[in-house]
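# Breakdown of the fold
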Amino acid sequence: MKESVDLKNKILELKKERNAVIMAHYYTIGEIQDIADFVGDSLYLAQKAATTDADVIVICGVHFMGETAKILSPEKVVLVPDASAGCSLADSCNATEFKTFIDQHPGYKVLSYVNTTAAVKALTDVVVTSSNAVQIVESFPKDEKIIFGPDRNLGNYINSVTGRNMLLWNGCCHVHEQFSIRKLLALKEIYPNAKLLVHPECKDSIVKLADCVGSTAALLKFAVNSDVNEFLVATEAGILHEMKKQAPNKLFIPVPPEDSSCSCNDCSYMKLNTLEKLYACLKNNQPEINVDSAILDRARLPILKMLEISEKLGL
Ligand code: 13P
Ligand code: SF4
């Protein structure tokens, strides 16, 4: 306990010395979220990375979030606690194969989820996150031909909500694919009054049962503002930390994965972020995120487009 307090104090001292800002995603461990200057979903973290006046940005999340911060603030040093914190969804879309897919479909606009490499973003017209994907798709004319990648579940969800027929890349997130419909139905019997909160990266069979489908920030907002006191949560279990903090009298029950005796569904990549590694990255000024300058310049355009549309929409 004392060691952890000492470590937190050392991180805060180094942060001040380096004029650094710490940004954390909701899926990181509670201790990281508690020490961060900003905690949020992918859109919020991108918005903060684009506007901070700190010299150093530390992204406690996964690699693509570090890349997005670097693309938006190329003159700043962007650090991550663990450079091997990747994302199975981003890995499911290789840039060379995605380019071939785009070339096979001339005349299509290309929309990419933010959970992609910088190289995939560089092939994209507009980036989206789960906070703004539906609205950004709806900002295109009804008959616009659209390619959407890489998440097939999010793509299917957007198609069903908007009535579009976007062409989907066949990628997915290994965490969100894992939720067990069998265990979810059993939990619904135990908690018949609970509302079901679902991230749109989940499979259709889970999304169909949801009371709220949205980004981590949207699920949190729904839970805090709801009159109901019990929630089943079908997204990575790190979000429960902020849910319990903002609504301490409510009950949040994580929906478990199918192939595990564990009751939570954790992203192993997000959980690579620890206080020790956060301290070390500030001390050693590495691992640093760098992006090839040609890719950075091209990838910046669709991210800025997303931020511009989100601002207009008040998101
Ligand atoms: P959010 O933008 O909803 O926080 O999602 C990020 C993510 O990685 C989901 O798996
Ligand atoms: Fe990627 Fe899935 Fe982890 Fe989100 S939960 S960072 S999509 S692997």
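Please refer to the structure placed before this passage.
### Describing empty space enclosed by the protein
A full pass over the atoms with the stated rule returns 2 cavities of 30 Å³ or more. Tyr 27, Asn 115, His 176, Glu 201 and Met 270 are, among the 26 residues lining the largest cavity, the residues nearest its centre. Here the lining of the largest cavity is composed, by residue class, of 12 nonpolar, 11 polar and 3 charged. There is about 70 Å³ of room inside the second largest cavity. Residue lining of the second largest cavity: Ser 42, Leu 45, Ala 46, Ala 49, Ile 59, Phe 64, Met 65, Thr 68, Ala 69 and Val 114, and that is the complete set. The set of elements that each furnish at least two residues to the lining of the second largest cavity consists of helix H3 (42–51) and helix H4 (63–72).

### What about the site of ligand 2?
In the region of ligand 2, 13 residues are neighbours, and Cys 87, Asn 115, Cys 173, Glu 201 and Cys 267 sit closest. At a threshold of 2 Å from the grid points, most atoms of ligand 2 map onto the largest cavity. Here the shell around ligand 2 is built from residues that sort into 8 nonpolar, 4 polar and 1 charged.

### Examining helix H6 (residues 95–103)
Of all the positions in H6, only Phe 98, Phe 101 and Ile 102 are classed as buried. Buried residues of H6, viewed axially, fall in a sector of 100 degrees; they line one side. Measuring from the backbone nitrogen of Thr 96 back to the side-chain oxygen at the start of H6 gives 2.9 Å, which picks out Asn 94 as the cap.

Reading the values: the criteria
Residues numbered from 1 in each chain as written. Chains lettered and ligands numbered in written order. Predicted model: local features only at pLDDT ≥ 70, side-chain atom pairs only at ≥ 80, totals over all residues. Heavy atoms only, no water. 1 Å grid on protein atoms, 1.4 Å probe; cavity = no way out; pocket = protein on both sides within 12 Å on 5 of 7 lines; lining within 4 Å. Points joined across faces, edges and corners; volume = space filled by probe spheres on them. Nonpolar A, V, L, I, M, F, W, Y, C, P; charged D, E, K, R; others polar. Helix = DSSP H or I, 4+ residues; strand = E, 2+ residues; numbered from the N terminus. Near = heavy atom within 4 Å. Sits in = over half its atoms within 2 Å of the grid points. Buried < 20%, exposed > 50% of the residue type's maximum accessible area, 1.4 Å probe, protein only. Arc of directions from axis to C-beta. Polar contact = N/O pair within 3.5 Å; in protein donor to acceptor, adjacent residues only side chain to side chain.

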